[in-house]
Amino acid sequence: MPGIDECLLEAMALPGARGAALVDWSSGLALGTAGDSPVGDHETTAAETAELFRAAAEYESFAPAAGMPQDAGGPGSGPPVEDLIVTTRTGYHVLRFVETSFDSSVFLHLWLDRADGNLALARLRLRALAEGLVLR
């Protein structure tokens, strides 16, 4: 099972990958980074993407509708959001929630070049990386 550095390196191996980070969405801090940052500073990118992810994870609009089945972890096992995709004119940003054995508040952020990136492949690969990630 890969740790943070190995996970980010695997994410960077995806076609069109420009940058990757593991971010704590409660504090906005980058726990690990690889590649480039859209704004040239990984800490700024981490703080800004954490704001976006926190909003999606905490707003009731994204919670499962009443009567809809919950995930296998049950209520409160993590935010109702699995991932977020933001499309810009030049790229894609995929943010994937990472479940942990402790109070989980981390996500993977992958920045892809729009011309070379494969959004579907990136989403599937980030899900696998998030499920296999071991936080030490």
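In this numbering scheme, every chain counts its residues from 1 along its sequence in written order. Owing to the predicted nature of the model, reporting of local features is limited to residues with pLDDT of at least 70; listing and counting of side-chain atom pairs is limited to 80 or more, with chain, interface and lining totals taken over all residues. Hydrogens and waters are ignored; side-chain quantities use all the structure's heavy atoms.

1. Section: the packing of helix α1 (residues 4-12) against helix α3 (residues 119-132)
Inference 1: To get an axis, fit a line to the C-alpha atoms, keeping to the stretch in contact for a helix; angles then go from 0 to 180 degrees between the N-to-C directions. Secondary structure elements are defined from DSSP: runs of H or I of at least 4 residues count as helices, runs of E of at least 2 residues count as strands, and each element is numbered from the N terminus. As a packed pair, α1 and α3 sit with axes 10 Å apart at the nearest point and diverge in direction by 170 degrees. Regarding the angle of α1 to α3, the classification is roughly antiparallel. Counting all contacts with α1, which are made through C7, E10 and A11, the residues of α3 involved are R125, L126 and L129.
Inference 2: Throughout, the ten residues Ala, Val, Leu, Ile, Met, Phe, Trp, Tyr, Cys and Pro are labelled nonpolar, Asp, Glu, Lys and Arg are labelled charged, and all others, Gly among them, are labelled polar. Here the residues of the contact of α1 with α3 sort into 4 nonpolar, no polar and 2 charged. Working rule for angles: under 35 degrees goes down as roughly parallel, over 145 as roughly antiparallel, 65 to 115 as roughly perpendicular, anything else as oblique. Any two residues whose heavy atoms approach within 4.5 Å at even a single point are treated as in contact.

2. Quick look at the sheet that holds strand β4 (residues 91-98)
Backbone hydrogen bonds are what pair the strands of a sheet, in a parallel or an antiparallel way.
Inference 1: Pairing between strands requires that DSSP locate at least two bridges from one strand to the other. Strand order in the open sheet formed by 5 strands is β2-β1-β5-β4-β3, with antiparallel pairing between adjacent strands. Whereas interior strands pair on both sides, the edge strands pair on one side only; in this sheet they are β2 (29-35) and β3 (83-87). On average, each strand axis in the sheet is tilted by 15 degrees relative to the strand beside it, whichever way the strands run.
Inference 2: Together, β1 (17-24), β2 and β5 (106-113) form the strand contacts of α1, whose direction differs from that of β1 by roughly 150 degrees.
Inference 3: The sheet contacts of α3 involve β3, β4 and β5, and relative to β4 the element is tilted by about 25 degrees.

3. Comments concerning the packing of aromatic side chains
Inference 1: Each aromatic pair joins two rings of Phe, Tyr and Trp (for Trp, the six-membered one) with centres within 6.5 Å, and gets the label stacked for planes under 30 degrees apart, edge-to-face for over 60, and tilted for any other angle. Tallying each qualifying case throughout the model produces 3 aromatic pairs.
Inference 2: Taking 6.5 Å as the distance between ring centres and 10 degrees as the angle between the ring planes, the aromatic pair formed by F53 and F97 counts as stacked. Here F53 is found in helix α2 (residues 42-58), whereas its partner F97 is found in strand β4, with 44 residues between them in sequence. Per residue, the accessibility class of F53 equals that of F97, and both read buried.
Inference 3: Through a chain of ring-to-ring contacts, three or more aromatic side chains come together here, namely W25, F53, F97 and F107. Relative accessibility decides the category of a residue: with a 1.4 Å probe and only protein chains considered, values under 20% of the type maximum give buried, values over 50% give exposed, and everything between is partly exposed.

4. Topic: the pattern of salt bridges
Inference 1: We define a salt bridge as a contact between a side-chain nitrogen of Lys or Arg and a carboxyl oxygen of Asp or Glu at a distance within 4 Å. A complete count under the given rule lists 6 salt bridges for this structure.
Inference 2: R125 is the salt-bridge partner of E10, the closest N and O atoms lying 2.4 Å from each other. With E10 in helix α1 and R125 in helix α3, this pair connects stretches of sequence that are 115 residues apart.
Inference 3: Overall, R125 belongs to the partly exposed group, its relative accessible area being 29%.
Inference 4: R96 is the salt-bridge partner of E82, the closest N and O atoms lying 3.8 Å from each other. Taken together, the positions of E82 in the loop between α2 and β3 and R96 in strand β4 put the pair 14 residues apart, joining distant regions of the chain.

5. Points about α3
Inference 1: The span expected for a helix works out to 1.5 Å for each residue beyond the first. For α3, which comprises 14 residues, the first-to-last C-alpha distance of 20 Å matches the rise-based estimate of 20 Å (1.5 Å per residue) to within 8%.
Inference 2: Turning to α3, its buried residues are A122, L126, L129, A130 and G132. Looking down the long axis of α3, one finds its buried residues gathered within 160 degrees of arc, a one-sided arrangement. Exposed and facing more than 90 degrees away from the buried side of α3 are A120 and E131.
Inference 3: Contacts from the buried residues of α3 go to α1, β4 and β5. Think of it as the arc spanned by the lines of direction from the helix axis to the C-beta atoms.

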